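Chain by chain, the residues run as shown.
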Amino acid sequence: MDDTTRGVRIRRGGPADAPAVLDMLDSAVVWMNERGNTEQWGTTPFSEKPERAAQVDRYLTEYLPYIAEVDGTPAAALVLDSGPDPRVPIASVEEPERYVRLLVSNRRFAGQKLGSALLARAVEETRRAGVRLLRVDCWAGGGGELVAYYERHGFTPTETFLVGSWPGQVLAQRVD
């Protein structure tokens, strides 16, 4: 999607985007904490955790990252893979899939529907690859607001899981 009327462009990401993606994640942690959500991603900024910074580097080099820019400034990111993180207790599927590993936006750009644009790109890329299944997992706490967000974007809840006391929800969307 390139929406030049709003100054939005989606491009492939890469290792050089790590500082911007860490900034997006840090802003999301602050925003969530200000709303009382300290469980989803904790209270420590991603940029202050070496293991989280290394995870972002892996996402930007080993998977398919996409960056939404607003007037040339990286504002949101989505990372696609061919399946879920193997460390998370999520059942495998019997068919090829694309899996959203990360969707985050810098809160400075809230309200511009960048997450929606990136999810539409994920559907497009899944279709382009000849794959019919797109899945995502997310935090299922906080009254299910994030689950509802994905449902509004065409995903259907399939299974729940726990990582310690962290509740998760897997959602799927068929792509034709």
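In this text the structure is predicted, and so the values were computed from the model without any measurement.

A. Inspection of the overall build of the protein at higher detail. Looking only at helices and strands, the protein features 4 helices and 8 strands. In terms of overall dimensions, the protein is globule-like: its C-alpha atoms have a radius of gyration of 15 Å, near the 16 Å expected for 176 residues. Here the C-alpha coordinates of the protein stretch approximately 40 × 35 × 30 Å along the principal axes. Counting only residues that meet the buried cut, the protein has 51% of its 176 residues in that class. Carbon and sulfur atoms make up 50% of the accessible area of the protein, which amounts to about 8700 Å² in all.

B. Highlighting the pairing of strand β4 (residues 73-81). With respect to burial, β4 is a largely interior element, 7 of its 9 residues being buried. The sheet contact formed by strand β3 (residues 64-70) and β4 spans 7 bridges and is antiparallel. Bridge assignment links Ala68 to a residue of β4, and that residue is Ala76. Turn length for the β3-β4 hairpin, with the two strands adjacent in sequence and antiparallel, is 2 residues, and the turn residue Asp71 shows positive phi of about 50°. Pairing of β4 with strand β5 (residues 98-105) involves 6 bridges; the strand directions are antiparallel. Residue pairing for β5: Leu78 is matched across the bridge by Leu103.

C. Structural context of the packing of aromatic side chains. Summed over the entire model, instances satisfying the criterion amount to 5 aromatic pairs. With a centroid separation of 5.4 Å and 65° between ring planes, the pair formed by Trp41 and Phe46 is classed as edge-to-face. Since its relative accessible area comes to 4%, Phe46 is described here as buried. Ring centres of Phe161 and Trp166 lie 6.2 Å apart, and the angle between their planes is 40°; on these two criteria the pair is classed as tilted. Note on Phe161: relative accessible area 7%, which makes it buried. Here a set of aromatic residues connected by ring pairs shows up, and it is made of Tyr149, Tyr150 and Phe155. For Arg101, the ring lying beneath its charged end belongs to Tyr63, and the centroid distance is 4.8 Å. Directly above the ring of Trp31 sits Arg107, whose terminal nitrogen or CZ lies 3.9 Å from the centroid.

D. Inspection of the pairing of β3 at higher detail. Summarising burial for β3: 6 of the 7 residues are buried, a large majority. Sheet analysis places strand β2 (residues 8-12) next to β3, joined by 5 bridges and oriented antiparallel. Residue pairing in the sheet places Val8 in a bridge with Val70 of β3.

E. Examining the UniProt feature "domain: N-acetyltransferase" (unreviewed entry) in the protein more closely. When the UniProt feature table is mapped onto this chain numbering, "domain: N-acetyltransferase" (unreviewed entry) sits at residues 8-176. Strand forms 31% of residues 8-176 and helix 31%; the C-alpha atoms that close the span are 26 Å apart.

F. Just helix α2 (residues 50-62), in detail. Over its 13 residues, α2 extends 18 Å from the first C-alpha to the last, a length consistent with the 18 Å expected when each residue adds 1.5 Å. Buried residues of α2: Ala53, Gln55, Val56, Tyr59 and Leu60, and no others. Viewed end-on, α2 has its buried residues packed into an arc of 155°, placing them on one side of the element. Structural note: α2 exposes Pro50, Glu51 and Glu62 on the side pointing more than 90 degrees away from its buried face. For α2, the elements touching its buried residues are α1 (18-34), β3, β4 and β5.

Scoring rules and cut-offs
- Residues numbered from 1 in each chain as written.
- Predicted model: local features only at pLDDT ≥ 70, side-chain atom pairs only at ≥ 80, totals over all residues.
- Heavy atoms only, no water.
- Helix = DSSP H or I, 4+ residues; strand = E, 2+ residues; numbered from the N terminus.
- Rg over C-alpha atoms; globule rule 2.2 N^0.38 Å.
- Buried < 20%, exposed > 50% of the residue type's maximum accessible area, 1.4 Å probe, protein only.
- Areas by Shrake-Rupley, 256 points an atom, 1.4 Å probe, with all protein chains shown as cover.
- Pairing = 2+ DSSP bridges.
- Phe/Tyr/Trp six-rings, centres within 6.5 Å; stacked < 30°, edge-to-face > 60°.
- Lys NZ or Arg CZ within 6 Å of the ring centre and 35° of its normal.
- UniProt positions renumbered as here; feature names shortened; annotations may be inferred.
- Expected span 1.5 Å × (residues − 1).
- Arc of directions from axis to C-beta.
- Contact = heavy atoms within 4.5 Å.

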